[in-house]
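What the coordinates show
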Amino acid sequence: MASKLSTCFLSHGWGGLDCKLSNQRFLAPSLRLLPASCKMRHRSFSSQQRRQQTKKVSPDQHPTNSHFQSNGVEDIESENASVDGVSSLSPETAPDDVDVYSRIDIEHINDNALKHLNVSEETKPLNMEMGINVKSGEQLSSFQLEDLVGMIRNAEKNILLLNQARVHALQDLGKILSEKDALQGEINILEMRLAETNARIKVAAQEKIHVEILEEQLVNLRNELSHMGATEGSGLDMHENWNKALDGIHSLGEELSLLRTENLSLKDDILALKKELSHVQKTDERVVMLEKDHSFFDSGLKELEFKLVASQEDVSKLSTLKFECKNLWDRVENLQVLLDRATDQADQAILVLQQNHDLRKKVDMLEESLEEVNVYKLSSEKMQQYNSLMQQKIKLLEERLDRSDEEILSYVKSYQESIKEFQDTLNSLKEESKRRAQNEPVDDMPWDFWSRLLLIIDGWLLERKISANNANLLREMVWKKDGRIRDAYMACRDKNEHEAVTIFLKLTSSQKRSSLHIIHIAAEMAPVAKVGGLGDVVTGLSRALQKKGHLVEIVLPKYDCMQYDCTRDLRVLDMELESYFDGQLFKNKVWVGTVEGLPVYFIEPHHPSKFFWRGKVYGEHDDFKRFSYFSRAALELLLQSGKKPDIIHCHDWQTAFVAPLYWDLYAPKGLNSARICFTCHNFEYQGTAPASEMASCGLDVHHLNRPDRMQDNSGHDTVNPVKGAIVFSNIVTTVSPTYAQEVRTSEGGRGLHLTLNSHSKKFIGILNGIDSDAWNPTTDVFLKSQYSANDLQGKAENKEALRKHLGLASADTRQPMVGCITRLVPQKGIHLIRHAIYRTLELGGQFVLLGSSPVPHIQAEFEGIANHFKVDDNIRLILKYDESLSHLIYAASDMFIIPSMFEPCGLTQMIAMRYGSIPIARKTGGLNDSVFDVDDDTIPLQFRNGYTFLNPDEQGLNSALDRALNHYKTKKESWEQLVKKDMNIDFSWESSASQYEEIYEKSVAKARAAIHV
């Protein structure tokens, strides 16, 4: 029996993987693109050898100029090897005794440019001509990113082919295993037949012996017959008996010959069976080799995928590179000085190496002399003294050698640092040169300048000194930071207003619009009018969008309690804005100024109720009237100023009136260019009121007090501004993805879950960011010592400073400190905060709480706890808000606790990680989107950054707090690595602003497409 066994990728059409690229010129990528090799062969070698094989790099010489010319990219080849010299075989044509092997070699890019820049492995001096001029910038600009993109695409194709090869290999392995099972069955049958044959052979042997005995008896009978003189009758009987005996003998002979023939056949079968068994054993060995190669193939494929992702990230980074020629010569001279210094240090290192070599020769000579003395004068006391002296000299020489080795290492390290500094400086020069070389907007003026210029133009428009069209064109130039309008402003600084207007009007020309005009209408803005997180979001998001090149403006009420010192160039416009309310028109003053570099309009109503002269932002009995009035006045300002925004973004219930007012009243009047975006920062606050109050701002109560519009889901005579904004807005967002899912349930939606589910297509959760400039431990002026992830010494100094400031024990510097900064309201899990105080004390830690409560009995309760621990040197409760102290607590604490019952987004956990304080948070809302447990194996290791718990009870809190304190106490190095990782996480507004930018653009594009249709 024969069985065909062949395992070969060639049977599936795999002639090889070929990814050949022509010679290219490009800048050295990141170290993640180092050459690597992934080979799969049907032979046995260790995984360590394979890893070493993947890191081989062909030696190249350093370049002699600064062009960094790449010598090309090595071909990526696939080779197919087979047994007995067969180059390719398919399962149909392969003979039985041929095993087909395949080998796939993937040679990664051997980038000479990397070696040109990487001098950490060689200490010889680098001779580089610094002939960098304008022409070199042009040569650098010829580096095409498309080449790297092509490489990545070819790598993707290779990965796809490798995946297919993996699938085919698995299929072939299954076939081999099935053939193995079939062979095993046949082997069992043959074994049974072999046993039967052995039994039959034994019977045949016995019969053979019996036949031999009969033959002997026959011979005896013949002999007796020949000597007998019997009668004829008896002779005839004997003759008959003789014939019968002959017949029996013939039959036995025939049967014996048959048995011999069958025995020979069985022997042939046994030989064939032995061949099959040896073939099966070889097949088993090949299966084992295939399984090993399969596992290695998987690891190689994962490495390729990881490098593909890394290369894609590098492509996105390379897209930001720009070149510069201006001021390059001065910096190149500095680089030449650095290079000369590094060369001198390398020369010194070579001299020290030569000295070291001479010393080693002397030591060898001394050792030879010592050996000769030991051979001829071992018994001599004088020789012993000599030996002792020589050993002392050798020891001194060894010490000198050690010192020289240390000096060499220091020189080499200094040389490497100089080279690294040189490369970093050169890269920064290239980036700056590319930014300057490309035609970019003017970037040498602060945002305050552009915002002030924008407000001047809007003031001229509202004062009827320029037309709306000219104002739009001038806004476009400000928007794009056009250098001409900056020059015009500088030229007319000493001129009167009429001359300035004339100069600016000369600049008006057709402008192509490429960015968005976004106007935020809100009740808060940090720092000028901040109550909670809403103010931080409005400012942070607006600044991030402004940095992306969009025109962003904010409209706020002019509160009497706002921080006027945070507003620059605050002035009132020479115009009066009239808006409708309670059946008549009321006048409003419009103030303008810049806050954090953003243009802001402040509306001051001249209403008898003095809506915004109450000494506080929220909490008045007529808040519904106050903010419905402001919402209509804000839209009236946009209409009368002739603005044509692309996006009007309103926030929370206080400005939710903007959405129905815009579509019912102002779109028909011509303010129809915008799409409405509404963000609800907390669905617990919805601003419900009797339906009749909605008529004050001009909305039709009968038209809007319906279940599918603004009627509250809990009552027929109540309207819900948040529901109205959800229905009438084009975009609806909230402040985290998890919170967006929670509010669509009956438990989290606060009665609006049905409305949100019916409008789910336009509803999205976007995680907020933090102001990475205001919350930066490297520049924070409120800290005792600034620090960074690379130098944590300052964090320990801030911890000591906070302990002294609050009178806490400071004997044990490693005693863990748990911080908490929050409003003391039920939403924040005050019962868990109270339990955490006692639990931390029980586990030997310190606890610091900063915050207050608007609820009297909660404030009184925590005042009692503060008095109880007043004499304890491990617990401090500061029941007020202190901005400077909050910065110090973030920097000093080792852990930060956020046990909220629900948390739409939460910023404290992000700020805590920014300052190296590990968060301990409940898995809800934005906490679930930003804090991931270090012990959760379902989360990728790179995302684990804190400790979490699910159940809002003491046991749940204990599980997270105990693990965190144990980690801090027992694994110092691991804890320090976790702190560094958290400090390097980017929680800035960059990512969030990009998501808002994307949904803005989609909505605007959809609206423009509908107009064209």
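Calculation notes
- Residues numbered from 1 in each chain as written.
- Predicted model: local features only at pLDDT ≥ 70, side-chain atom pairs only at ≥ 80, totals over all residues.
- Heavy atoms only, no water.
- Buried < 20%, exposed > 50% of the residue type's maximum accessible area, 1.4 Å probe, protein only.
- Helix = DSSP H or I, 4+ residues; strand = E, 2+ residues; numbered from the N terminus.
- Pairing = 2+ DSSP bridges.
- Patch = residues over 30% accessible without salt bridge, like charges linked within 9 Å, V, L, I, M, F, W, Y side chains within 5 Å.
- Areas by Shrake-Rupley, 256 points an atom, 1.4 Å probe, with all protein chains shown as cover.
- Salt bridge = Lys/Arg side-chain N within 4 Å of Asp/Glu carboxyl O.
- Lys, Arg positive; Asp, Glu negative; His and termini not counted.
- Charge placed at Lys NZ, Arg CZ, Asp CG, Glu CD.
- Core = buried A, V, L, I, M, F, W, Y, C linked by side-chain atoms within 4.5 Å.
- Contact = heavy atoms within 4.5 Å.
- Expected span 1.5 Å × (residues − 1).
- Axes fitted to C-alpha atoms, helices over the stretch in contact; angles between N-to-C directions.

Let us look at the pairing of strand S18 (residues 918-922). With five of five residues buried, S18 lies mostly within the body of the structure. Neither face of S18 is exposed, since Ile 918, Ile 920 and Arg 922 on one face and Pro 919 and Ala 921 on the opposite face are all buried. With four bridges connecting them, strand S17 (residues 895-898) and S18 associate as parallel partners. Each residue of the ladder has a partner; that of Phe 896, found in S18, is Pro 919.

Here the focus is a negative patch on the surface. Taken together, the side chains of Asp 364, Glu 367, Glu 368, Glu 371, Glu 372, Glu 398, Glu 399, Asp 402, Glu 406 and Glu 407 define an acidic patch exposed on the protein surface. If you list the elements that add at least two residues to the negative patch, you get helix H6 (328-376) and helix H7 (381-437). Tracing the backbone shows Asp 402 in helix H7. Asp 402 gets classed as partly exposed once you look at its relative accessible area, which sits at 45%.

So, about the nonpolar core. Ile 521, Met 525, Val 555, Leu 635, Ile 648 and Phe 683 are the most contacted members of the largest nonpolar core, which totals 79 residues. Per-element tally for this core: the top contributor is helix H13 (residues 623-640), with nine residues. The residues contacting Phe 683, other than those within four sequence positions of it, are Val 722, Ile 726, Thr 734, Tyr 739, Val 743, Arg 750, Leu 752, Leu 756 and Phe 763. Among the nonpolar cores identified, the runner-up in size contains 69 residues, and Ala 836, Leu 849, Ala 892 and Leu 961 belong to it.

Between Ala 526 and Pro 527 the backbone carries a cis peptide bond, its omega angle lying at 0°. Residue position: Pro 527 is located in the loop between strand S3 (517-521) and helix H12 (533-547). In this structure, Asp 569 takes a positive phi of about 55° despite not being glycine. Residue placement: Asp 569 occurs in strand S5 (residues 568-581).

Turning next to helix H25 (residues 954-970). Given a rise of 1.5 Å per residue, 17 residues ought to cover 24 Å, and the 24 Å separating the end C-alpha atoms of H25 matches this to within 8%. Inspection of H25 places Gly 956, Leu 957, Asn 958, Ala 960, Leu 961, Ala 964, Leu 965, His 967 and Tyr 968 among the buried residues, and these make up the whole buried set.

On the basis of which strands lie adjacent, the open sheet formed by nine strands has the order S5-S6-S7-S4-S3-S8-S9-S12-S13 and mixed pairing. Each edge of the sheet is formed by a strand with only one pairing partner; in this case those strands are S5 and strand S13 (763-765). The average undirected angle you get between the axes of adjacent strands in this sheet is 25°. When S3 meets strand S8 (residues 647-651), the two strands line up parallel, connected through four bridges. Across the sheet, the residue bridging to Ile 521 is Cys 650, located in S8.

Within the element layout of this structure, Leu 792 appears in the loop between S13 and helix H19 (793-806). Each C-alpha atom, one on Leu 792 and one on Lys 980, is 8.5 Å from the other, the two residues being 188 residues apart in sequence. In this structure, Leu 792 is in contact with Tyr 787, Glu 976, Val 979, Lys 980 and Met 983, ignoring residues within four places of it in sequence.

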